Amino acid sequence: MSGPTSLAAVFQAPGRLALEERPRPRPGPGEALIEVGACAICGSDLHLFDGHMRRGRFPVVPGHEFMGRVIELGEGVNGIAPGVRACIENHISCGECAFCRSGRVNLCTAARTIGVNVDGAYSQHVVVPAKCVIPLPDGIDDASGAVMQTLGTGHHAVTARARLEAGETAVILGAGPVGLCALASARLAGARVIVFDTVKERIEAARRMGAEEALDAAAGDPLEAVHGLTGGAGADAVLEVVGGAQEETLRLAVRMLRPG
C-alpha cells in the first residue's frame, strides 16, 4: 500500500470487528481531516455492533463521540486552521429540508451520522464536514473533549427543553453519562435536583456532582420520595434519561410533575 496509511477498527458485519490498515483519507471540498485524539464508547456503538441499529451500515468504522486535531483542510474551508484541537458534531444535516430550514437540524430527514452510516473515529484519522468542527479551549483535556456531545445533550434538555430556572426542582431519572451531564447543567442553572438510579456508583457520582438527593430507585417508591421532598407539590421538570423500559419510566415521570 503506497502513501500514508491509517489504522481503523472496522465493524465488518454484525458481531465482527477487525483492525484494518487503510489509505489515509483525504478531505474533499468543505471537509477537514482529523487526527483522532480520544474517542468514547457509547451504548449505541454496542447496538450497532449487535446489528440492532436500523440506520447502521456495514462495513463501517464506528466511533461518534470524539475529538482530535485538524491536520488538513479541503478546498473552500474558512474559519478553522490546521493544528486546532476540536470536538466533532457527529450529526451531519442536509441544510435543505424543512426541518433544517426551521432550525431543527436534529430532525433532518436526510441526516447522516458519523460512526453509524459514515466512517467514524475508531481510527487514527477521519474526514468530517468542516461545519462539524468545534474548536476546544486549551483547558479541556482530550478525554473530556471527546464527550462534549454527551454534555450538549444534557445541557439542551435542561436549557432549551425544560428551561429550568434558579429555585426550581428537577428530577432526573437515570444517572448515566447523559443524566450526569444534565445534572451539571441543572445545577449551573441554579435548580434543585433529585436523581434516581439503581447503580451504586452512579448514585454516588450524582451526590459528588451536587444533587440534593441521589436515591436508589429500587430501594423505595420514587414517586412517594419526590412528593415527600417537594411537600406534595411535585417537580417543575422531570428528565427521563434511562432510555430503557420507557413505558414505565415515562408514566412515572408524568406522575412526578407538579400541576401545570
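My aim in this report is to walk through the structure given alongside it, one point at a time.

What counts and what doesn't
- Residues numbered from 1 in each chain as written.
- Predicted model: local features only at pLDDT ≥ 70, side-chain atom pairs only at ≥ 80, totals over all residues.
- Heavy atoms only, no water.
- Helix = DSSP H or I, 4+ residues; strand = E, 2+ residues; numbered from the N terminus.
- Contact = heavy atoms within 4.5 Å.
- Areas by Shrake-Rupley, 256 points an atom, 1.4 Å probe, with all protein chains shown as cover.
- Lys, Arg positive; Asp, Glu negative; His and termini not counted.
- Charge placed at Lys NZ, Arg CZ, Asp CG, Glu CD.
- Pairing = 2+ DSSP bridges.
- Buried < 20%, exposed > 50% of the residue type's maximum accessible area, 1.4 Å probe, protein only.

### Describing the overall build of the chain
Now for step 1: Helices and strands together make up the secondary structure of the chain, namely eight helices and 13 strands.
Now for step 2: In terms of its C-alpha atoms, the chain occupies a principal-axis envelope of roughly 70 × 40 × 40 Å.
Now for step 3: Long-range pairs, those at least 24 residues apart, make up 62% of the contacts in the chain with a sequence separation of at least 6.
Now for step 4: Split by element, the accessible area of the chain, about 13,600 Å² in all, is 53% carbon and sulfur.
Now for step 5: Measuring between centres, the 24 positive side-chain charges of the chain sit 4 Å from its 29 negative side-chain charges.

### Overview of the pairing of strand β3 (residues 31–39)
Now for step 1: In this sheet, strand β8 (residues 125–129) lies alongside β3 in antiparallel orientation, the contact comprising five bridges. Across the sheet, the residue bridging to Glu-31 is Pro-129, located in β8.
Now for step 2: Sheet topology places β3 next to strand β4 (residues 66–73); seven bridges connect them, and they run antiparallel. Note on β4: the bridge partner recorded for Cys-39 is Phe-66.

### Quick notes on the environment of Val-226
Now for step 1: Relative to the elements of secondary structure, Val-226 occurs in helix α7 (residues 222–229).
Now for step 2: What makes Val-226 buried here is its relative accessible area of 0%.
Now for step 3: In this structure, the C-alpha to C-alpha distance between Val-226 and Glu-213, residues 13 residues apart in sequence, is 9.8 Å.
Now for step 4: Beyond its immediate stretch of four places on either side in the chain, Val-226 contacts Val-171, Phe-196, Ala-235 and Met-256.

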